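Here are the chains, one letter per residue:
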Amino acid sequence: MLYTRKGDGGNTKLFDCPQGVYLNKSARIFQALGTVDEINSFIGYTKVLSRKFGIFMYFKFKKINYEDILNEIQQILFSIQAELGGSKIFVTTEDVLYLEEIIAEIETLLPPIHSFIIPGGSEVGAMLDVCRTVVRRGEREMVLLNETKEKEISPTSVMFMNRLSSAMYAMARFANYQSGNIENAPKYK
């Protein structure tokens, strides 16, 4: 069954809620959970596009499809959702290092950037830019949960989200490069 009717009154609970305690669905924690879910969905769409256009990179001296990288990121995002939901599952330092390695590899393949870049270019690059902005929102929501002490979020999960936005940016640049699109800086007219 795809519905339970338990949330029809606008309340729900997390894994770590005491028995009989429900939270209002407008609570900040559900904003963060919803944003991470949104990120995962956008990444899923981007994964399909990357398959369609055959976007890949060389990582650790072997060819790897963006689809595989994005799938790995989605798996890690489920760990963040589990943590937000009150589970004892957490993102690891290795997960953060994985993103740092992806970013470092892409940086060796592209010219350095000297200004902001107008989002767009290829379809995959444009979707990765959308992913980047939603990731930034999710990161801000997680930081706010920590600041307000509504929910303690592990430092590695916050770090992962920070690196993820950088990885989305790097991957967007490389997808645009692979598709033959030239980066354009804003003219500030």
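Quick caveat, the model's predicted, so the values are computed rather than measured.

Examining the overall build of the protein
- Counting secondary structure elements, the protein contains five helices and four strands.
- Counting the 189 residues in the protein, one finds 43% classified as buried.
- Look at the contacts in the protein between residues 6 or more apart in sequence, and 75% of them connect residues 24 or more apart.
- For the protein, the exposed area adds up to about 11000 Å²; of that, 56% sits on carbon and sulfur atoms.

Side note on helix 5 (residues 155-178)
- In this model helix 5 runs 34 Å from its N-terminal to its C-terminal C-alpha over 24 residues, within 8% of the 34 Å that 1.5 Å per residue would give.
- Just beyond helix 5, the residue with positive phi is Gly180, at close to 85°.

Details of the pattern of salt bridges
- Scanning all chains against the criterion turns up seven salt bridges.
- The shortest N-O distance in the salt bridge between Asp129 and Arg132 comes to 3.5 Å. One end of the pair, Asp129, and the other, Arg132, are both in helix 4 (residues 123-148), three residues apart, so they sit about a helical turn from each other. Across the pair, exposure class does not vary: Asp129 and Arg132 are buried alike.
- One salt bridge connects Glu139 with Arg136, and the closest N-O pair in it is separated by 3.5 Å. Placement of both Glu139 and Arg136 in helix 4 is noted, with a separation of three residues, approximately one turn of the helix.

A word on the environment of Ser122
- Note that Ser122 resides in the loop between helix 3 (93-109) and helix 4.
- Ser122 gets classed as buried once you look at its relative accessible area, which sits at 8%.
- The spacing of Ser122 and Arg173 is 51 residues in sequence and 9.4 Å in space, taken between C-alpha atoms.
- For Ser122, the contacting residues outside a window of four places in its chain are Ala175, Asn176, Ser179 and Asn181.

Let's talk about the environment of Thr133
- Inspection of the secondary structure assignment puts Thr133 in helix 4.
- Separated by 32 residues in sequence, Thr133 and Ser165 place their C-alpha atoms 7.3 Å apart.

Considerations on the nonpolar core
- Of all hydrophobic cores here, the largest spans 48 residues; its most connected members are Tyr66, Leu77 and Leu84.
- Contributing elements (two or more residues each) for this core: helix 1 (28-53), strand 3 (56-59), helix 2 (66-84), helix 3, helix 4 and helix 5.
- For this core, the element with the highest residue contribution is helix 5, accounting for 11 residues.
- Filtering out sequence-adjacent residues up to four positions away, Leu77 remains in contact with Val36, Ile39, Asn40, Ile43, Phe160, Met161 and Leu164.

Observations concerning the packing of aromatic side chains
- Counting across every chain of the model gives three aromatic pairs.
- Aromatic side chains Phe56 and Tyr58 sit 5.9 Å apart centroid to centroid with 90° between the ring planes, which places their arrangement in the edge-to-face category.
- In this structure, Lys63 is placed above the aromatic ring of Phe56, and the distance from its NZ or CZ to the ring centre is 4.3 Å.

Cut-off values and rules
Residue indices begin from 1 for each chain and proceed along its sequence in written order. Where local features are concerned, this predicted model is filtered to residues with pLDDT of at least 70; where side-chain atom pairs are given and counted, the filter is 80 or more; whole-chain, interface and lining totals use all residues. With hydrogens and water excluded, all non-hydrogen atoms of the structure serve as input to the side-chain values. To qualify as a helix, a DSSP run of H or I must reach at least 4 residues; to qualify as a strand, a run of E must reach at least 2; elements of each kind are numbered from the N terminus. Only protein chains enter the accessibility calculation, which uses a 1.4 Å probe; a residue whose area is less than 20% of its type maximum is buried, one above 50% is exposed, and one in between is partly exposed. Should any heavy atoms of two residues lie within 4.5 Å, those residues are counted as being in contact. The Shrake-Rupley method, run with a 1.4 Å probe sphere, supplies the accessible areas, and residue values consider only the shown protein chains as cover. One less than the residue count of a helix, multiplied by 1.5 Å, gives the span that helix is expected to have. By definition, a salt bridge exists where a carboxyl oxygen of Asp or Glu is found within 4 Å of a side-chain nitrogen of Lys or Arg. Put simply, buried Ala, Val, Leu, Ile, Met, Phe, Trp, Tyr and Cys residues joined by side-chain atoms within 4.5 Å make one nonpolar core. Classification of ring pairs uses Phe, Tyr and Trp, with its six-membered ring standing for Trp, and accepts pairs whose centres are within 6.5 Å; under 30 degrees between planes counts as stacked, over 60 as edge-to-face, and the remaining range as tilted. Counting as a charge over the ring demands two things of the Lys NZ or Arg CZ atom: a distance within 6 Å of the ring centre and an angle within 35 degrees of the ring normal.

Geometry only, nothing functional implied.
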